[in-house]
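# Commentary on secondary and tertiary structure
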Amino acid sequence: MTQAVGIARAHTNIALIKYWGKRDKNLFLPMNSSLSLTLEAFYTDTKVTFDDHLTEDIFLLNGKEQSEKEVAKISRFLDLFCEYIGERPFARVESINFVPTAAGLASSASAFAALSLAVADALKLDMTRQELSTFARRGSGSSTRSLFGGFVEWEMGTSSEDSMAHPVDDADWDVGMLVLVVDSQEKKIASRIGMEHTVQTSPFYPAWIESAREDLQAMKAAIAEKDFETLGRITEHNGFKMHATTLSANPPFTYWSADSLLAQEAVRQVREELQVPAYMTMDAGPNVKVLCRASDMGRLQKALSAHFPVEKIISSLPGPAAYVLSEADWQQSKTRLTEGNHL
Ligand code: DP6
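Bear in mind that the values here come from a model prediction, so they are computed numbers and not experimental data. (Residues numbered from 1 in each chain as written. Predicted model: local features only at pLDDT ≥ 70, side-chain atom pairs only at ≥ 80, totals over all residues. Heavy atoms only, no water.)

Looking now at the site of the ligand. Taken together, 17 residues form the shell around the ligand, and within it Y19, K22, S140, G141 and R192 come nearest. Within the contact set of the ligand, an oxygen atom lies 2.6 Å away from a side-chain nitrogen or oxygen of Y19. Here S140 contributes a side-chain N or O atom positioned 2.6 Å from an oxygen atom of the ligand. Across the complex, the protein chains shield 96% of the 460 Å² of accessible surface that the ligand would expose by itself. When residues in the shell around the ligand are grouped by element, the largest group, three residues, is from helix α4 (residues 191-201). (Near = heavy atom within 4 Å. Polar contact = N/O pair within 3.5 Å; in protein donor to acceptor, adjacent residues only side chain to side chain. Areas by Shrake-Rupley, 256 points an atom, 1.4 Å probe, with all protein chains shown as cover. Helix = DSSP H or I, 4+ residues; strand = E, 2+ residues; numbered from the N terminus.)

Encoded structure:
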């Protein structure tokens, strides 16, 4: 190999049944299986160039060279693939995030999924998407699910080889999501730290695991029947239960800000007013996501704008599986970056 190039796009996903806790933090094996919806509106494009002439890995995010710490994360991740192929060429990794970074919109999910597919493309790896998801998992747990589109399950599995994602349903049936961007700043407690602290100290944690298992079964049945209201009710209940484990950790903490509570209140008021099914979920950040019917997104967005700045309400349809991009697509993404109209 003198040079091997791969480029890919992966969309972010929002968990409807949350992944919250690891049973093995080195292998990123989760305590529970989870289920998500991939979103069309948020994604990461990544180009990886393995080059024999490089003497170290280089990582650029949104055109900017990243710190040693960030490069080290990418290098450790590339090591996994290099162990697999039995050689260690260095790489230049360039990523463009069309996701507000670290705002609880799971940019790490799309990031490691895009990088996994770009590496697989560059190295011409002969593996299934599901196998590839076991690699993505070791960059960030939630990225396991971003290799697929629509509703996706990440099965907790029994080992590193079978803790993988698989598609559940393409979500092509009047489903959408609104994201209320309460705060797009860097999150204060990384999910990695927050979940570990919760597992270790929350007396509610065993109950969380038990009920997440039941929620997952019920949610898969609701998806199979395209029963939107049951899907939404389980989503909202599951997310709030996850956050209850952070409130019951010792010392307690929360990802919610005062504005998150105002956003939640606005959602309650608007769904009551409009009599429209709309269900909230939140991740390791202050933003509020609303699962709704795609056909109700316009009305909800309008009504919510009475409570919330309209430019901070982003709507999304379900998104596709990760896919390989051409050099021409990559050039277009770079142009969008320089024009400053990425998020
Ligand atoms: C609340 O995937 O960011 O968004 O595996 O440590 O990188 P690491 O954590 P990460 O955690 C996501 C937590 C969550 C729920 C979810 O996406 O399932």
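Read on for the rest.
The next thing to look at is the pattern of salt bridges. One pass over the structure, following the stated rule, counts 18 salt bridges. Note that K334 is salt-bridged to E94, the shortest N-O span being 3.9 Å. Taken together, the residues span a long stretch of sequence, with K334 in helix α9 (residues 327-338) and E94 in strand β7 (residues 91-98) at a distance of 240 residues. One salt bridge connects D296 with R299, and the closest N-O pair in it is separated by 3.7 Å. (Salt bridge = Lys/Arg side-chain N within 4 Å of Asp/Glu carboxyl O.)

Next up on the list: the side chain of T38. Residue placement: T38 occurs in strand β4 (residues 34-51). In this structure T38 comes out as buried when scored by relative accessible area, which is 0%. (Buried < 20%, exposed > 50% of the residue type's maximum accessible area, 1.4 Å probe, protein only.)

Residue N250 is joined to P251 through a cis peptide bond whose omega torsion reads -5°. Take P251: it is sitting in the loop between α6 (228-247) and α7 (258-274). With phi around 50°, N62 is a residue other than glycine that occupies positive phi space. Relative to the assigned elements, N62 resides in the loop between β5 (58-61) and β6 (64-65). Residue class for N62 comes out buried when judged on its relative accessible area of 19%.

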